[in-house]
Amino acid sequence: MKALSLKGFQIKPEDDFLDSRKAILVNSDVSLELAAPRKSLKDYYYKNADCDEVIFVHKGTGKLRTILGNIPFEYGDYLVIPRGMIYQMEFDTEENRLFIVESKHPIYTPKRYRNWFGQLLEHSPFCERDLHGPSDLETHDELGDFEIRVKKQDMMHVYLYASHPFDVVGWDGYNFPYKFSIHDFEPITGRVHQPPPVHQTFETGAFVICSFCPRLYDYHPKSIPAPYNHSNIDSDEVLYYVDGEFMSRKNVEPGLISLHPAGIPHGPHPGTMEKSIGEKETLELAVMVDTFKPLMVTKAALDIEAPGYYKSWLE
Ligand SMILES: [Fe+2]
């Protein structure tokens, strides 16, 4: 057990969407994956019957095509796809980088931001207007051979439908895919350092997803903007760096991932605490996943490890 740093952009691009997805950190609740798919998913359709998926788009634009309609996506979008949804990913170019959270538990917005009716409250960092469901419903009344790959019990099952899966003429209900742009997250700031729950975007019974967005630093006259050293006891902490300079870290590049396992203290790198004094704002953009159960590191993760990260506080 040690802190790890992974160079996410070293995951090699692959043509096929499913082949390109590489699990890097996993437990029985969640699988964190990196993907650099080159081609649109055209020859078959995909359905994850085990998990809800959150696909964070780091690079690339295109369209998520689903049985309930389409969702155009771009840099910074979280695509939330409930389990059982048949979908395809259409990319505009071959330059795509995705960070994917595959969850055995349903993905919700944080309960503390919702009222008794389920509506998002005024102090929530985002609201219903920021969540975009599918539109542009395509109804294909076609017969033929349509391949559906269904993931169930971690195995892929291939089904051949005799009619086009996107033959829906209308739908109703509250279980649908949607997108939320990280750029629409309104950061919560304070006079003194605000703890990570202010960044929370999604919750499940087994982990949370947080968005670290460009924001003003703490504005107490004696505040030190860099966070304090801490040791999580309730969760393993995964940070996926998207853009901007990260305030408490050195040598951070886009696509870099850090894993700080529960029980090991961590905090700002030497010098970054002092450097942060007097700074007014940060342009950092990052996605954090805190899992309540420990994460296991896969072979694919060790292949992209930046060696010696756990000793980087000694430099
Ligand atoms: Fe932390």
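Procedures and definitions
Along every chain, residues carry numbers that run from 1 in the direction the sequence is written. Whole-chain, interface and lining totals are the exception, using all residues; otherwise, since this is a predicted model, local features are given only for residues with pLDDT of at least 70 and side-chain atom pairs are given and counted only at 80 or more. Based on all heavy atoms of the structure, the side-chain values leave hydrogens and waters out of the count. Only DSSP runs of H or I reaching four residues or more are called helices, and only runs of E reaching two or more are called strands; each is numbered from the N terminus. Radius of gyration: C-alpha atoms only; globule rule: 2.2 Å multiplied by the number of residues to the exponent 0.38. Buried, partly exposed and exposed residues are distinguished by accessible area as a fraction of the type maximum, computed with a 1.4 Å probe on protein chains only: under 20%, between the cut-offs, and over 50%, respectively. Donor selection uses N, O and S atoms within 2.8 Å of the metal (3.2 Å for Na, K and Ca). Since no water is included, sites may look incomplete. Key to geometry: four donors with every angle between 85 and 135 degrees are tetrahedral; four donors are square planar and six octahedral where opposite donors lie over 155 degrees apart and all remaining angles lie between 65 and 115; all other sites are irregular. In this analysis, rings of Phe, Tyr and Trp, with Trp reduced to its six-membered ring, are considered paired at centre separations within 6.5 Å, and the interplanar angle assigns stacked below 30 degrees, edge-to-face beyond 60, and tilted for intermediate values. In this scheme, Lys NZ or Arg CZ marks a charge over a ring once it lies within 6 Å of the ring centre and within 35 degrees of the ring normal. In this description, a nonpolar core means a group of buried Ala, Val, Leu, Ile, Met, Phe, Trp, Tyr and Cys residues linked to one another through side-chain atoms lying within 4.5 Å. Note that the domain bounds were set by an automatic or database domain assignment. By definition in these notes, contact holds between two residues if any of their heavy atoms fall within 4.5 Å. Note: buried area is the sum, over both parts, of the accessible area (probe 1.4 Å) each one loses when the two are combined. A carboxyl oxygen of Asp or Glu within 4 Å of a side-chain nitrogen of Lys or Arg is what we treat as a salt bridge. Counted as a polar contact is a pair of N or O atoms within 3.5 Å, where, for protein atoms, one must be capable of donating a hydrogen and the other of accepting one, and residues adjacent in sequence contribute only when both atoms are in side chains. Three residue categories are used. Nonpolar comprises Ala, Val, Leu, Ile, Met, Phe, Trp, Tyr, Cys and Pro, charged comprises Asp, Glu, Lys and Arg, and polar comprises the others, including Gly. Only strands that DSSP links by at least two bridges are regarded as paired with each other. Axis definition: a line fit to C-alpha positions, over the contact stretch in the case of helices; interaxial angles, taken between N-to-C directions, run 0 to 180 degrees.

Here we look at the overall build of the protein chain
Looking only at helices and strands, one finds three helices and 22 strands in the protein chain. The C-alpha atoms of the protein chain give a radius of gyration of 20 Å, which matches the 20 Å a tight globule of 315 residues would have. The dimensions of the protein chain, computed from C-alpha atoms along their principal axes, are 70 × 45 × 35 Å. Counting only residues that meet the buried cut, the protein chain has 50% of its 315 residues in that class.

Here's the deal with the coordination of the iron ion
Around the iron ion, the protein supplies His230 (NE2), Glu237 (OE), Glu237 (OE) and His266 (NE2) as donor atoms, at distances of 2.1 to 2.4 Å. In this structure, the iron ion is coordinated by four donor atoms arranged in irregular fashion, with angles at the metal of 58 to 178°.

Things to note about the packing of aromatic side chains
Taken as a whole, this structure holds 14 aromatic pairs when the rule is applied. Taking the centre distance of 6.2 Å and the plane angle of 70° together, the rings of Phe17 and Tyr87 count as edge-to-face. Remark: Tyr87 occurs in strand β9 (residues 86-91) and Phe17 occurs in helix α1 (residues 17-20); sequence separation between them is 70 residues. Grouping residues by exposure puts Phe17 and Tyr87 together as buried. Following the ring pairs from residue to residue traces out a cluster consisting of Phe56, Tyr78, Phe99, Phe126, Phe180, Phe185, Phe202 and Tyr240. Its guanidinium or amino end placed over the ring of Tyr113, Arg112 lies 4.6 Å from that ring's centre, counting from NZ or CZ. The ring of Tyr44 has Arg149 lying over it, and the distance from NZ or CZ to the ring centre is 3.6 Å.

Focus on the nonpolar core
With 38 residues, the main nonpolar core has Leu32, Tyr78, Phe99, Val101, Ile209, Ile257 and Val287 as its most contacted residues. A domain-level breakdown of this core finds at least three residues from each of domain 1 (10-182) and domain 2 (186-314). Listed in part, the 20 residues of the second largest apolar core include Leu79, Met85, Tyr87 and Ile100.

Digging into the domain arrangement of the protein chain
In terms of domains, the protein chain is made up of domain 1 (10-182) and domain 2 (186-314). A C-alpha centroid distance of 26 Å is found between domain 1 and domain 2. Counting from both sides, the interface comprises 37 residues of domain 1 and, opposite them, 39 residues of domain 2. It is Leu25, His58 and Ile182 in domain 1 that bury the most area against domain 2; as a group they hold 17% of the surface buried on that side. Inspection of the region where domain 1 meets domain 2 yields one salt bridge. Between Lys293 and Asp29 there is a salt bridge, with its nearest N and O atoms 3.4 Å apart. The tally of links between domain 1 and domain 2 comes to 16 residue pairs in polar contact (both at pLDDT 80 or more). For the side of domain 1 that touches domain 2, a count of residues per class yields 25 nonpolar, eight polar and four charged.

Considerations on the sheet that holds strand β13 (residues 155-163)
Reading across the sheet, the six strands line up as β7-β6-β9-β4-β12-β13 and stay open at both edges, with mixed pairing between neighbours. Every interior strand has two partners, whereas the edge strands, β7 (69-73) and β13, have only one. Geometrically, the sheet is characterised by an average inter-axis angle of 30° between neighbouring strands, direction not taken into account. Strand direction decides the pairing type here: strand β4 (residues 45-48) and strand β12 (residues 143-152), joined by four bridges, are parallel. Looking across to β12, one finds that Tyr46 is bridged to Arg149.

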